[in-house]
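Structural features, examined
Here is how the chains run, residue by residue.
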Amino acid sequence: NLYDRDLYKLEPNAASECHRFAFTLSAYNGGRGWVERQKRAAKSAGSDDRKWFGSVENFRVRAEWAHKENKDYVRRVLLERQHKYVNSGWGRGVECGGLK
């Protein structure tokens, strides 16, 4: 949809397509402002703010329950269920090899 596409366009500097989609999903699920706060926290701590997995996802800037829900949502969609979406004809998917 248009909202998803707009969120995707806001992440041209992500480390990979997988990380770009992760930022997009996080913003869709929890709000773009929270993603930006997490990225700033990661950068301030010396972590890579271009990577969601293993970096930005670990910086909590809101309530624990909201942080966990958002982090788990991105992981469920990209790392656990993406193959089902692709097999159902929902798109080409994105390679996230090796991430858990």
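Please refer to the structure placed before this passage.
Residues numbered from 1 in each chain as written. Predicted model: local features only at pLDDT ≥ 70, side-chain atom pairs only at ≥ 80, totals over all residues. Heavy atoms only, no water.

A tally of helices and strands in the protein chain yields four helices and zero strands. Traced from its N-terminal end to its C-terminal end, the protein chain shows the element sequence α-α-α-α. For the protein chain, the C-alpha radius of gyration of 13 Å lies close to 13 Å, the compact-globule estimate for 100 residues. Overall, the protein chain is about 40 × 25 × 25 Å in size when its C-alpha atoms are taken along their principal axes. Taken over 100 residues, the protein chain has a buried fraction of 33%. Pairs at least 24 apart in sequence give 46% of the contacts found in the protein chain among residues at least 6 apart. Surface summary for the protein chain: the accessible area is close to 6100 Å², and the carbon and sulfur share equals 51%. Between the centroid of the 20 positive side chains of the protein chain and the centroid of its 13 negative side chains there is a distance of 1 Å. (Helix = DSSP H or I, 4+ residues; strand = E, 2+ residues; numbered from the N terminus. Rg over C-alpha atoms; globule rule 2.2 N^0.38 Å. Buried < 20%, exposed > 50% of the residue type's maximum accessible area, 1.4 Å probe, protein only. Contact = heavy atoms within 4.5 Å. Areas by Shrake-Rupley, 256 points an atom, 1.4 Å probe, with all protein chains shown as cover. Lys, Arg positive; Asp, Glu negative; His and termini not counted. Charge placed at Lys NZ, Arg CZ, Asp CG, Glu CD.)

The tally for this structure, following the rule as stated, stands at one disulfide. There is a disulfide in this structure between Cys18 and Cys96, and the S-S distance comes to 1.9 Å. The S-S bond linking Cys18 to Cys96 shows a torsion near 110°; that makes this disulfide right-handed. With a gap of 78 residues between them, Cys18 in helix 2 (residues 17–30) and Cys96 in the segment after helix 4 (64–87) connect regions that are remote in the sequence. Of the two residues examined, Cys18 and Cys96, each falls in the buried class. (Disulfide = S-S within 2.5 Å.)

What follows covers the packing of aromatic side chains. Counted by the stated rule, this structure contains three aromatic pairs. When the ring of Tyr3 is compared with that of Tyr28, the centres are 6.3 Å apart and the planes differ by 50°; the resulting orientation is tilted. Placement of the pair is Tyr3 in helix 1 (residues 2–9) and Tyr28 in helix 2, with a sequence separation of 25 residues. Each ring, one from Phe23 and one from Trp52, has its centre 5.9 Å from the other, and the planes form 80°; the classification is edge-to-face. Pair noted here: Phe23 is in helix 2 and Trp52 is in the loop between helix 3 (32–44) and helix 4, with a separation of 29 residues, a long-range link. Of the two residues, Phe23 and Trp52, neither departs from the other in class, the shared state being buried. Positioned above the aromatic ring of Tyr8 is the side chain of Arg20, whose terminal nitrogen or guanidinium carbon lies 3.7 Å from the ring centre. Across the ring face of Phe23, the terminal group of Lys39 is positioned such that the distance to the ring centre comes to 5.0 Å. (Phe/Tyr/Trp six-rings, centres within 6.5 Å; stacked < 30°, edge-to-face > 60°. Lys NZ or Arg CZ within 6 Å of the ring centre and 35° of its normal.)

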